[in-house]
Every structure is written in C-alpha cells, then in structure tokens.
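These are the residues of each chain, in order.
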Amino acid sequence: MSGYQDLKKNFFGGTTSISRQFGMIFTLVAIILLFQVLTNGLTLTSGNLIAVVSQYSYILILAIGMLMVIVAGHIDLSVGSVAAFTGIVVAKAMQNYDLPWPAAILLGLAVGAVIGAWQGFWVAYIGVPAFIVTLAGMLVFRGGNQFIGNADTVPIPGGFRTIGAGYLPEFGLSTGYNNPTLLLGAIACAAVVWREWRARSTRQEMGARQVPLWISGVRPVVMVGVIVFATLRFAGGRVGTSLPVSGIILIVLVLAYSFYTRNTVGGRRIYAVGGNARAAELSGVKLKRVNFFVMMNMSVLAALAGMIFVARSAASGPQDGLSWELDAIAAVFIGGAAVSGGLGTISGSIVGGLVMALLNNGLQLMGVGVDLVQIIKGLVLLLAVALDVYNKSQGHFSVIDSLTRPFRRQETASAAARTAPHGDSSKAPAVG
C-alpha cells in the first residue's frame, strides 16, 4: 500500500474516531483560510476566535442534543423556544425572589427537564410524532416566554453572567499569556499523545493489524499543532480575556457525550433505535425509554444553552432563541448525520457547527449584510450536502461516507434482522 493510500485510509475512515472526522475538518480549515485571506488576517486573531466561541457556544451545545434526537429518528423544533422560556423563568426568579445565581442555574436545568419529560411523554408513550409535539412546544413556550416576561427585557445579576460572559481567571507567574488556558492546552496535547500510544499498544496486545508507524507519528503531531496554535490564540487575548467559561462547558459536554454515545450501552441503543427500531426492540431495547431520554436530554441542553445566552446578553428578552433550532439542525446534517436516523457523531456535529459559525463570522467581518448572510448560509448547507451525496454516488471520496463508515456493520445487521422471522428474536442483532 502506498503512503498516500495509507494516509487516506487511516485519516479518512480509519480505526479511530479522530481519523473519521478529518474530511470535515479539512472543509473547516479551508473556510478558515479563505476568510483569513479575505479579511486581511482578522479571522484568526485572538479577539475574534474568543468572540466566536463566546457567541456560538450555545448553538454547539444545542447541536449535541440535536444529534442524539436525529440519530434516534426524530426532530426537535422547540429548542429555541425552550431556551427562551427557561431564560425568562430564571431571570424572573432572580429578580423577583432574590434567588442566588447557583440555585437559579439548577432551577433552569430543572425547568428543562420538566419540559423534556412533558414532550418525551407525548412522543414515547402516546406515540405523537416528535415533529408535531415539538412544533406545539415551539408555540407554547414562545408564548410562555412573552407571557411571563410581559414581552419585556429582564436583566440578570452579575454573578450569573459568569457562565456566558466569563473567562478563565489568571493566576501564577506573569507569562504574557493566560496560565489556566496554557495548562488546559498542555493537558490536551498530552491526552492526544497518550491516546495514540494507548491505541497502538492495545492493538499490539490484541494481535490486530497496526497502522503504519509514520501515520501514528503524523496524526498526533497534526493534532498537537492545532491544539498549540489554538491555545496560544485563546491565551494571548487582551488582558482580562481568555478561553470563555462557555467554551469550557462546551468542551466538557463534548467529551462526556462523545464517551456516552460511543462507549456505553445506552449510547449504542440510540443508534440501534434510529437504524432499525423493530430490530432494536427484538434485541431487548426499550424503545419508549430511549425516545423519552433523547427528548428530555434535548430540552435540558436547550435550557443550559438558553441560560448561557442570557448570561452573555446580561438580560432575557422576548426575541431570544429565534431560529436556534434551524442552526442546530444545520450543524448536525453538515456534520454527517443521516436524515433517516441511525448515523452521526458528536464530533462531526461540532465541526459542522463550527463551519456555520465561522462562515457567519467571516461574512460579518467582510461587512456582508444580514440578508446576504442568510442566503449564503442556506446555499452552503444545500451545496455541501449535495456535493457530498454526488461524490458518494460516483464512488469518490465522500465526507458523509467517511463519517458513516463505522456504522455500516450495524446497518447491515439491522437489514439482516428485517429478513428474519419476526417471532425469532434470537436472530436479531445484539445492541451493546
């Protein structure tokens, strides 16, 4: 096998989750470099990158939950309204009842859980399609936001603003950079190297075929290079700024949900339900529980996203959350999720969200009007997916194809289950 073929196989659809996302990452890099040139170097400045994370972290948080909803074969149109409703409830609780801001955060998460349980009940146990349930929720909770807040803006106290407008504090020696951000970057670099070494050691212990040694060297070097560059940018912002607290929350959620969807029985069951609900049920998966969970989880994350947005804006208003669901859905589909469910990854959705965020940011830096920004974003979404589908149909390299490759075995097993007698559950594929 040639060096090029080794590189293509192991970076695009190899054995690690990082390699499967490289095709979409190249698209992201191309957009960054394009706008870096068109904006005369403004795109990659410390101030702009910090602003992008601060401004779009709530959309990326929504994309995490939306990915799980779409993988399970549903859609949630209510996330923007749920976020706005939670924001006004929390703001009113702090303003009218002097609720401490840590307790207000817990209240907001509880509100999201109750809303999610309500919508999950209708979807999972009554059987109403999620599209209808969440369309109703979009109207109900948008009206609830305006009713509770009297269609007015409600300010919030300073402590609460930390989760949306705060940054990592400074400590230690004066290095000219934010030391906590440097520390996090060093930990991330060490984790990348350790993960590559651990994966190679595990394959050797199992007697599995190893990737070429030079690939195991290039892959972590590229990742470490990206991490070092980003770390220095976020740590080198103007005094008082660094990696936003909302960015830390996002990173924690990405790591936690990536582990859950890839390495736990519950996560695998979500993919099984989306791929073939009948086969999953024959395998012992509780469909109602899975559907209830993904809808409830989505509303909890929507509540968190709403609180982060309110904290950054320093107030809750009647226009909060408008069209957030469309941005989250676009991020998930650009990131490689299948419309029919069963396929998609958390990391792919985050990259898809970053593509939309940096596209929006780059156009704004160029002074493009809001109307043209919406038109261009819509066309990019359509063309990106259409081009990828075309490449797959022609047998060329396809981003979505590379993202979905790890799940083909599961899809094949599900198809086999459909041909088996319905009464013979022993022939259904195992799900975790």
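Note that the structure is a prediction, hence the values are computed from the model and not measured. (Residues numbered from 1 in each chain as written. Predicted model: local features only at pLDDT ≥ 70, side-chain atom pairs only at ≥ 80, totals over all residues. Heavy atoms only, no water.)

(A) Looking closely at the overall build of the chain. From N to C terminus, the chain includes 19 helices and two strands. Residues counted as buried form 50% of the 432 residues belonging to the chain. Residue pairs in contact within the chain that sit at least 24 positions apart in sequence constitute 77% of those at least 6 positions apart. For the chain, the exposed surface amounts to about 20200 Å²; the carbon and sulfur share of it is 67%. (Helix = DSSP H or I, 4+ residues; strand = E, 2+ residues; numbered from the N terminus. Buried < 20%, exposed > 50% of the residue type's maximum accessible area, 1.4 Å probe, protein only. Contact = heavy atoms within 4.5 Å. Areas by Shrake-Rupley, 256 points an atom, 1.4 Å probe, with all protein chains shown as cover.)

(B) Representation of the pattern of salt bridges within the structure. Scanning the entire structure with this criterion turns up two salt bridges. Across the pair Arg219 and Glu196 runs a salt bridge whose closest N-O atoms are separated by 2.9 Å. Linking Arg219 in helix H10 (residues 213–235) with Glu196 in helix H9 (residues 179–206), this pair joins segments that are 23 residues apart in sequence. The buried category is assigned to Arg219, whose relative accessible area is 4%. Among the salt bridges present, the one from Lys377 reaches Asp327, with a minimum N-O distance of 3.8 Å. Here Asp327 lies in helix H15 (residues 324–334) and Lys377 lies in helix H17 (residues 370–393), a separation of 50 residues in the sequence. Lys377 sits in the buried class, given a relative accessible area of 11%. (Salt bridge = Lys/Arg side-chain N within 4 Å of Asp/Glu carboxyl O.)

(C) Quick look at the packing of aromatic side chains. Inspection of the entire model under this criterion finds nine aromatic pairs. In this structure an aromatic cluster arises from ring pairing among Trp118, Phe121, Trp122, Tyr125 and Phe292. (Phe/Tyr/Trp six-rings, centres within 6.5 Å; stacked < 30°, edge-to-face > 60°.)

(D) Inspection of the confidence of the model for the chain at higher detail. Model confidence for the chain is summarised by a mean pLDDT of 84, while 83% of its residues fall at 70 or above. Overall, residues 12–20 carries pLDDT values under 50, and its contacts beyond four positions in sequence, including any with other chains, amount to 29 contacts. Across residues 396–432 the pLDDT falls below 50, and counting only partners more than four positions away or on other chains, this stretch makes 63 contacts in the model. (pLDDT = per-residue confidence, 0-100.)

(E) The nonpolar core, seen in detail. Counting 70 residues, the largest nonpolar core has Leu62, Ile64, Met66, Leu67 and Phe160 as the members making the most contacts within it. The biggest single contributor to this core is helix H14 (residues 287–313), with 14 residues. Core analysis: the next-biggest nonpolar cluster, separate from the first, contains 19 residues, Leu49, Ile50, Val52 and Leu358 among them. (Core = buried A, V, L, I, M, F, W, Y, C linked by side-chain atoms within 4.5 Å.)

(F) Spotlight on helix H4 (residues 46–71). For H4, which comprises 26 residues, the first-to-last C-alpha distance of 35 Å matches the rise-based estimate of 38 Å (1.5 Å per residue) to within 8%. Helix geometry: H4 is bent most strongly at Tyr56, by close to 50 degrees. In terms of burial, H4 is largely enclosed, as 22 of its 26 residues are buried. One or two residues past the end of H4 sits Gly73, with phi positive at roughly 95 degrees. (Expected span 1.5 Å × (residues − 1). Bend = angle between axes of the 7 residues up to and from the residue.)

(G) Local environment of the environment of Met94. With respect to the secondary-structure elements, Met94 resides in helix H5 (residues 79–97). Taking the C-alpha atoms as reference points, Met94 and Val154, separated by 60 residues in sequence, lie 9.9 Å from one another. Those residues in contact with Met94, other than ones at most four positions away along the chain, are Leu99, Trp101, Ala104, Ile156, Pro157 and Phe160.

(H) Highlighting the packing of H4 against helix H11 (residues 245–263). For the pair H4 and H11, interaxial distance at closest approach is 9 Å and the crossing angle is 15 degrees. Accordingly, the angle class assigned to the pair H4 and H11 is roughly parallel. Along this stretch, H4 crosses H11, giving a crossing that reads as left-handed. Residues Val53, Ser54, Ser57, Leu60, Ile61, Ile64 and Met68 of H4 form the contact with H11, whose own contacting residues are Ser246, Gly247, Ile249, Leu250, Leu253, Val254, Tyr257, Tyr260 and Thr261. (Axes fitted to C-alpha atoms, helices over the stretch in contact; angles between N-to-C directions. Parallel < 35°, antiparallel > 145°, perpendicular 65-115°, else oblique. Left-handed = near helix turned anticlockwise from the far one by under 90°.)

(I) Summary view of the environment of Val211. Here Val211 is to be found in the loop between H9 and H10. Put simply, Val211 and Arg200 are eleven residues apart on the chain and 8.1 Å apart in space, counted from C-alpha to C-alpha.

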